[in-house]
Amino acid sequence: VQLQASGGGLVQAGGSLRLSCAASGRTFSMYDMGWFRQAPGKEREFVAGIRWSGGITYYADSVKGRFTISRDNAKNTVSLQMNSLKPEDTAVYYCAADYSAIALETIPNEYDYWGQGTQVTVSS
């Protein structure tokens with residue numbers, strides 16, 4: 001599967017952005033999907049994930065209550081709605097796909113496919 005992330009940009013603290021990830025292929029509904037981010041000089045970290053059915057989601061503590069992940073299997077898309085953004089949310093955001101996952105994973109190495117990343121910059 002190929003992934004294309006979009007929707008990043010520059011926003012003031014307290015603002016909102018919506019990231020989207022479009023997937024190619026007919027088996028999108030078989031993949032768990034995740035959003036990760038990587039700030040300069042830091043390791044890539046898990047942000048949010050959603051099971052293949054859309055019925056289970058999981059969030060990093062740092063974004064819980066502010067970010068919402070969703071998916072539309074009919075349109076092969078996964079989205080990340082980011083509200084109440086903070087300067088510490090500044091990073092390159094990546095979407096990723098995990099095939100035939102037993103459980104929702106938070107470790108980058110467990111994901112099989114990655115999008116190219118989209119920059120999110122939150123100014124104070």
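It should be noted that the structure appears before, not after, this text.
We now turn to the structure provided with this report. Source: prediction; values computed, not measured.

1. Re the overall build of the protein chain
Then step 1. Tallying secondary structure elements over the protein chain gives 0 helices and 11 strands in all.
Then step 2. Relative to its length of 124 residues, the protein chain is compact, with a C-alpha radius of gyration of 13 Å against a globular reference of 14 Å.
Then step 3. A principal-axis box enclosing the C-alpha atoms of the protein chain has dimensions of 40 × 25 × 25 Å.
Then step 4. Here the protein chain holds 124 residues, and the buried ones make up 42% of them.

2. Quick word on the sheet that holds strand 1 (residues 3–6)
Strand pairs in the sheet, formed through backbone hydrogen bonds, run parallel or antiparallel to each other.
Then step 1. The 4 strands are arranged 1-3-8-7 in an open sheet whose pairing can be described as antiparallel. This sheet does not close on itself; its edge strands, each paired only once, are strand 1 and strand 7 (67–72). On average, adjacent strands in this sheet sit at an angle of 15° to one another, irrespective of strand direction.
Then step 2. Looking at chain direction, strand 3 (residues 17–23) and strand 8 (residues 77–82) are connected through 6 bridges and run antiparallel. Counterpart to Ala22 in the pairing with strand 8 is Thr77.

3. As for unusual backbone geometry
Then step 1. Here Asn76, not a glycine, exhibits a phi torsion of approximately 55°, which is positive.
Then step 2. If you trace the backbone, Asn76 turns up in the loop between strand 7 and strand 8.
Then step 3. Asn76 sits in the buried class, given a relative accessible area of 16%.
Then step 4. In this structure, Ser84 takes a positive phi of about 50° despite not being glycine.
Then step 5. You can call Ser84 partly exposed: its relative accessible area is 41%.

How each quantity is defined
- Residues numbered from 1 in each chain as written.
- Predicted model: local features only at pLDDT ≥ 70, side-chain atom pairs only at ≥ 80, totals over all residues.
- Heavy atoms only, no water.
- Helix = DSSP H or I, 4+ residues; strand = E, 2+ residues; numbered from the N terminus.
- Rg over C-alpha atoms; globule rule 2.2 N^0.38 Å.
- Buried < 20%, exposed > 50% of the residue type's maximum accessible area, 1.4 Å probe, protein only.
- Pairing = 2+ DSSP bridges.
- Axes fitted to C-alpha atoms, helices over the stretch in contact; angles between N-to-C directions.

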